[in-house]
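Coordinate analysis (summary)
Now for the letters of each chain:
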Amino acid sequence: MRYVVISGGGTGIGRAIAERHAAAGDQVILLGRRMHVLEQTVEYIGHSIAKAPRAIAIPADLTRVDDVERLKATLDDKKITHIDVLVNNAGGADVRHAETLSDIAEQWIQDYKTNVLTAVLLTSALRSRLTRPGGRVINISSIAAVQGAGDSYAAAKAGILGWTYSLATELGPEGITVNAVVPGYIENTEFFGDRMTPERHQRLVNRTVVGRAGRPSDIAETVFFLASREAEYITGQVLHVNGGAIYGRA
Ligand SMILES: NC(=O)c1ccc[n+]([C@@H]2O[C@H](COP(=O)([O-])OP(=O)(O)OC[C@H]3O[C@@H](n4cnc5c(N)ncnc54)[C@H](OP(=O)(O)O)[C@@H]3O)[C@@H](O)[C@H]2O)c1
């Protein structure tokens, strides 16, 4: 049985990744700030997907060092000493209308913390537990990183790509692959909150060549493949999943 840690595993894309892995018999460990949201997903997986308990929830704000330390201690308590797959999926955009310099500074710091620091702290904390050889780290970036849209968010998600390359170089000799998945527009997540309108939805769909919005399962299937043994020769790569909204950019 593989151990799969998924940050932001209670909602949207992370939840779909958790469901996909649990359905395959993996033990999934879901992280997020809201325990009740994580618990709902754990309950759903337990009732509808996996026969044995295949999901556990650990609440943590992954921008906080003390929370990440606590998470490590919780894994120790649960005797989870090796992690086969780490999916750095937690993220989001700070959508405040920033005009003053202090607002701009806060927005950039917040987006950096939410999208980069969460992944870096979690990976650093779990690094020594990653299975060698065979471990997998999969980082979720965004189409914003390569086409703009939301300046501080785009910059943070682009930062994830550079970090993915560095980590792939460091961990490759130990038999661990590190890749980034770059979603285009994915509906049915909490990402857009109440900011999605029918017009905006249609505009985003029109940018694809397949004529539909992405589904969380589109990303989950991609992550599941990258996490497989068959993907062991793929590392340091950026995989776009966007219905053709943009083609083949690094
Ligand atoms: N939906 C899209 O169109 C789209 C497109 C490109 C990229 N993405 C990326 O895909 C990833 C998943 O997003 P989603 O669309 O599934 O949206 P979502 O439903 O809002 O998922 C984001 C998850 O991250 C968790 N999270 C946020 N900040 C956290 C923190 N400080 N510590 C721990 N967990 C935290 C949230 O849980 P809590 O709030 O409970 O902490 C939530 O479960 C994100 O990285 C997002 O940037 C999404």
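Refer to the structure presented above.
Described below are features of the structure shown in this document.

Conventions adopted
- Residues numbered from 1 in each chain as written.
- Predicted model: local features only at pLDDT ≥ 70, side-chain atom pairs only at ≥ 80, totals over all residues.
- Heavy atoms only, no water.
- Near = heavy atom within 4 Å.
- Polar contact = N/O pair within 3.5 Å; in protein donor to acceptor, adjacent residues only side chain to side chain.
- Areas by Shrake-Rupley, 256 points an atom, 1.4 Å probe, with all protein chains shown as cover.
- Helix = DSSP H or I, 4+ residues; strand = E, 2+ residues; numbered from the N terminus.
- Nonpolar A, V, L, I, M, F, W, Y, C, P; charged D, E, K, R; others polar.
- Contact = heavy atoms within 4.5 Å.
- Salt bridge = Lys/Arg side-chain N within 4 Å of Asp/Glu carboxyl O.
- Buried < 20%, exposed > 50% of the residue type's maximum accessible area, 1.4 Å probe, protein only.

**Regarding the site of the ligand**
Taken together, 30 residues lie near the ligand, and T11, R33, R34, N89 and Y153 sit nearest. Within the backbone of I13, an N or O atom sits 2.8 Å from an oxygen atom of the ligand. Between the ligand and F191 there is a distance of 3.5 Å, counted from an oxygen atom to a backbone nitrogen or oxygen. Within the complex, 95% of the 880 Å² of free accessible area of the ligand lies under protein. Mapped by element, the contributors of at least two residues to the shell around the ligand are α1 (12-23), α4 (101-126) and α6 (151-171). Of the residues belonging to the shell around the ligand, the class tally is 11 nonpolar, 14 polar and 5 charged.

**Focus: unusual backbone geometry**
In this model, R132 is joined to P133 through a cis peptide bond whose omega is -10 degrees. Turning to its location among the elements, P133 is positioned in the loop between α4 and β5 (136-140). Positive phi is not limited to glycine here, since K79 has a value of about 60 degrees. Mapped onto the elements of the fold, K79 is located in the loop between α3 (65-77) and β4 (85-88).

**Examining the side chain of R129**
As for its position among the elements, R129 is in the loop between α4 and β5. Among all residues touching R129, those that are not within four sequence positions of it are K72, L75, D76, I80, T81, H82 and I83.

**Considerations on the pattern of salt bridges**
In the structure shown here, the tally under the stated rule is 12 salt bridges. One salt bridge in this structure joins R212 and D218, with 2.9 Å as the shortest N-O distance. Exposure remark for R212: the relative accessible area of 30% places this residue in the partly exposed category. Where salt bridges share partners, they join D94, R96 and E106 into one cluster.

From the geometry alone we can't say anything about function, so treat these as descriptive.
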